[in-house]
Amino acid sequence: MHKSTQDIINMKKRKEKISVVTGYDYTLASLCDKAQVDVLLVGDSAGMVMLGYENTIPVTMDQMCMFTEAVSRARKNSLLVSDLPFMSYQTSIEDAIRNSGKLIKAGADAVKLEGGSVMAETISSIVDVGIPVMGHIGLQPQTTVLSQGYKVQGKTKDTALRLIEDAKKLEEAGVFSIVLEMVSHEVAEIISETINVPAIGIGSGLGCDGQVLVVQDLLGMYDKIKPKFAKRYMNLSEDIVKSLESYREDVASGTFPAEENWFLMDEDELKKLREHIGG
Ligand code: KIV
């Protein structure tokens, strides 16, 4: 049985740190699940790392459903959360509920959406129909980036107070956890201590109840942006390029395929074939 949202809340109660990674495709998600990562997040960062867009804005519901279906076929242990993409929930509460339902039908256990207090009513409406919601405050790639770029959030007393208030409002609205993206270390710690649901940090320091990373950043597969907060556990892109160069050279020199990579006909059948074609 895979983890539930309650299991994730209980981890905070037991003071166990929560690990979250993004997943978008069957193969990598299977490996993340095998590694017993607590939560697989089908993030709309898929727009950048899987589809090559500049940001998350162009990502559609159909794309998120396709990634969610692939990851849901892979996961056995982790909780599966999927992002509601830009303009799939901001337009109306009805849209938010309908699109959350689509992600659940595609295999998600919960949905994530960006926004503070202004999203409280939308969140409680989704929760009321029985769909668990993960909040996302601090840097909000769908909107903050449009107006401010990638900037650390909560560096002044006023912005910090607003973030703390947002986190409380989201908890009241019924979220089972909240992502804090690029929130200053101190404010992230205060929020984590203030709310009862887990605060999952990305670029927000050690005081959070858990951490989330984009899997391509963690594996060193995405070179376009190298965020300061992302720890690289390996440099997979270098190994992949080296392997592909070796493959190209093997094909060019005729050293691939070798005998162990091909299949032979039955000798009698080959003889009959040769007689038939006069070879
Ligand atoms: O889309 C995403 O990958 C995210 C994480 C960075 C939290 O929202």
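Values in this document were obtained by computation on a predicted structure and should not be read as measured data. (Residues numbered from 1 in each chain as written. Predicted model: local features only at pLDDT ≥ 70, side-chain atom pairs only at ≥ 80, totals over all residues. Heavy atoms only, no water.)

Helix and strand counts for the protein chain stand at twelve helices and eight strands. Dimensions of the protein chain, computed from the C-alpha atoms along their principal axes, are close to 85 × 40 × 40 Å. Relative to its full complement of 279 residues, the protein chain shows a buried share of 47%. Counted over contacts in the protein chain with a minimum sequence separation of 6, partners at least 24 positions apart contribute 59%. (Helix = DSSP H or I, 4+ residues; strand = E, 2+ residues; numbered from the N terminus. Buried < 20%, exposed > 50% of the residue type's maximum accessible area, 1.4 Å probe, protein only. Contact = heavy atoms within 4.5 Å.)

Looking now at helix 8 (residues 157-173). Between its first and last C-alpha, helix 8 extends 24 Å over 17 residues, near the 24 Å set by a 1.5 Å rise per residue. Every buried residue of helix 8 is listed here: Ala 160, Leu 163, Ile 164, Asp 166, Ala 167, Leu 170 and Ala 173. Elements in contact with the buried residues of helix 8: helix 6 (120-128), strand 5 (133-138), strand 6 (177-181) and helix 9 (185-194). Phi for Gly 174, located one or two positions after helix 8, is positive at around 110 degrees. (Expected span 1.5 Å × (residues − 1).)

Its domain assignment divides the protein chain into domain 1 (5-234) and domain 2 (239-277). On a C-alpha basis, the centres of domain 1 and domain 2 stand 46 Å from each other. (Domains from an automatic or database assignment.)

The next thing to look at is the packing of helix 2 (residues 26-34) against helix 4 (residues 61-74). At a closest axis distance of 8 Å, the pairing of helix 2 and helix 4 adopts a crossing angle of 45 degrees. Taken together, the axes of helix 2 and helix 4 lie oblique to each other. Judged by the sense of rotation from one axis to the other, the crossing of helix 2 with helix 4 is right-handed. Here Tyr 26, Ala 29, Ser 30 and Asp 33 of helix 2 come into contact with helix 4, specifically with Ala 70, Val 71, Arg 73 and Ala 74. (Axes fitted to C-alpha atoms, helices over the stretch in contact; angles between N-to-C directions. Parallel < 35°, antiparallel > 145°, perpendicular 65-115°, else oblique. Left-handed = near helix turned anticlockwise from the far one by under 90°.)

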